Amino acid sequence: VVQCLIDWSPVQLASWDEQFSTIRRSTLLQHFPYAQAIRVANQSGARHGVVKIDGADAGLIQLNEVGIMKNALHAISLDRGPLWFDNFGTVEHATAFFSALAKQFPKRIGRKVRLMPELCDDEFNRTAVTASGFSRNPNFGGYETIWIDLTKSESRLRSSLNGKWRNILSKSERSDLRVSQDWTGSTAIQFLQSYRTDQLAKGYKGPSTKLVLELLKFMIPRQEALILNAMENGSTVAGILIFLHGRSATYQIGWTTDRGRKLGAHHQLLWQSALLLKDRGIKDLDLGGVNDKTAAGVKKFKQGLGGQIITLVGMFN
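Computed from a predicted structure; not experimentally measured.

1. Focus: the pattern of salt bridges
Proximity of charged atoms lets side chains of opposite charge pair with each other.
Right, on to step 1. As enumerated under the stated definition, the model contains 18 salt bridges in all.
Right, on to step 2. Among the salt bridges present, the one from Arg 80 reaches Glu 118, with a minimum N-O distance of 2.8 Å. Taken together, the residues span a long stretch of sequence, with Arg 80 in the loop between strand E4 (73–79) and strand E5 (83–84) and Glu 118 in the loop between strand E6 (111–116) and helix H4 (123–130) at a distance of 38 residues.
Right, on to step 3. Residue Arg 80 is classed as buried on the basis of its relative accessible area, which comes to 6%.
Right, on to step 4. Using a relative accessible area of 18% as the deciding quantity, one classes Glu 118 as buried.

Below, the structure written as structure tokens:
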């Protein structure tokens, strides 16, 4: 029988970063600066653990945690974790992990537990979570995202693009659009103002500007935030924000004008971001959540990059 222990000993940032950087397809929500940003934006704490399987370091876990009256009222959430090291993360390991987590935080009055595990949706992974007494929330489907493998050559990445998507990109590259990259945050306020204006005008949901601003504060000094702006004749017509975390990166938010859409600005911005990230040694790009119900057009656009659609196992309490 597989034995799992979660070691909650205090962790040094440098040590966490070193281990985190070995993980293929890490997630932004398990990145240390994300916990720092959430602490400021949402007044929630964090707990960091090393997952041990049969005594060996097997993965990392970052929990969000809120407790009052000495944790008489206690809420914990696990978002897109745990993350496993190479040679770990089997169904047996996941089963042992959720058993250890359930023992660590047993159900009781005053405690709420919410889990969104980084596990692909199948009956074996669902059972790995529910075997310890967690219940799948029927009101929430599994989170869907699309991953781009940046270890492919540039020519293979280009040939993987949907034909129509590639044609719009080629046309955009022949236009007067110029893409500038910002690693220092000098355009951050202007970018966020444009994003917020776009969000209000079009009525779509997205990360709060408050949280994004805090993420920028913690990640810009680490060279982990990239803003790309598409400009025509000195006027910014579209922009995107990418966060880097370990060997992976996440497309966080973007905005565009009608002119930017006409010029295929987002096609060029995402294509150039993929090449920039590839040059920096990033192996995988997470294009962010997609769904067929409220944002079918966004999903179709992201699918045009030819990545791998992943559906996670769902939400559990």
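We are not done yet, so read on.
2. With respect to the side chain of Thr 145
Right, on to step 1. Counting through the fold element by element, Thr 145 comes out in strand E7 (residues 144–149).
Right, on to step 2. Judged by relative accessible area, which is 1%, Thr 145 ranks as buried.
Right, on to step 3. In terms of polar contacts, Thr 145 uses its side chain to reach the backbone carbonyl oxygen of Gly 288, at 3.1 Å.
Right, on to step 4. Excluding residues that lie within four positions of it along the chain, Thr 145 makes contacts with Arg 80, Asp 286, Leu 287, Gly 288, Gly 289, Val 290, Gln 308, Ile 309 and Ile 310.

3. Considerations on the environment of Val 179
Right, on to step 1. Tracing the chain through its elements places Val 179 in strand E8 (residues 178–182).
Right, on to step 2. For Val 179, the residues in contact, after removing those within four places along its chain, are Leu 228, Asn 229, Gln 268, Leu 269 and Gln 272.

4. As for the sheet that holds strand E10 (residues 235–245)
Right, on to step 1. In spatial order, the strands read E8-E9-E10-E11-E12-E7-E13; together these seven strands make up an open sheet with mixed pairing. The open sheet is flanked by E8 and strand E13 (308–311), the only strands paired with a single partner. For this sheet, the mean inter-axis angle between neighbouring strands, taken without regard to orientation, is 25 degrees.
Right, on to step 2. Across the face of the sheet, helix H11 (residues 296–303) comes into contact with E7, strand E11 (248–256) and E13 while running at roughly 15 degrees to E7.

5. Some points on the packing of aromatic side chains
Right, on to step 1. For the structure on display, the rule yields seven aromatic pairs.
Right, on to step 2. Taken together, a centroid distance of 6.2 Å and an interplanar angle of 70 degrees make the contact between Trp 8 and Phe 105 edge-to-face. Within this pair, whereas Trp 8 is found in the loop between strand E1 (4–7) and helix H1 (13–20), its partner Phe 105 is found in the loop between helix H3 (91–104) and E6, the two being separated by 97 residues in sequence. For the pair Trp 8 and Phe 105, one class covers both residues: buried.
Right, on to step 3. Ring geometry for Tyr 195 against Tyr 204: centres 6.4 Å apart, planes inclined by 55 degrees, an arrangement best described as tilted.

Rules and cut-offs
Residues numbered from 1 in each chain as written. Predicted model: local features only at pLDDT ≥ 70, side-chain atom pairs only at ≥ 80, totals over all residues. Heavy atoms only, no water. Salt bridge = Lys/Arg side-chain N within 4 Å of Asp/Glu carboxyl O. Helix = DSSP H or I, 4+ residues; strand = E, 2+ residues; numbered from the N terminus. Buried < 20%, exposed > 50% of the residue type's maximum accessible area, 1.4 Å probe, protein only. Polar contact = N/O pair within 3.5 Å; in protein donor to acceptor, adjacent residues only side chain to side chain. Contact = heavy atoms within 4.5 Å. Pairing = 2+ DSSP bridges. Axes fitted to C-alpha atoms, helices over the stretch in contact; angles between N-to-C directions. Phe/Tyr/Trp six-rings, centres within 6.5 Å; stacked < 30°, edge-to-face > 60°.

Nothing here speaks to function; it is all geometry.
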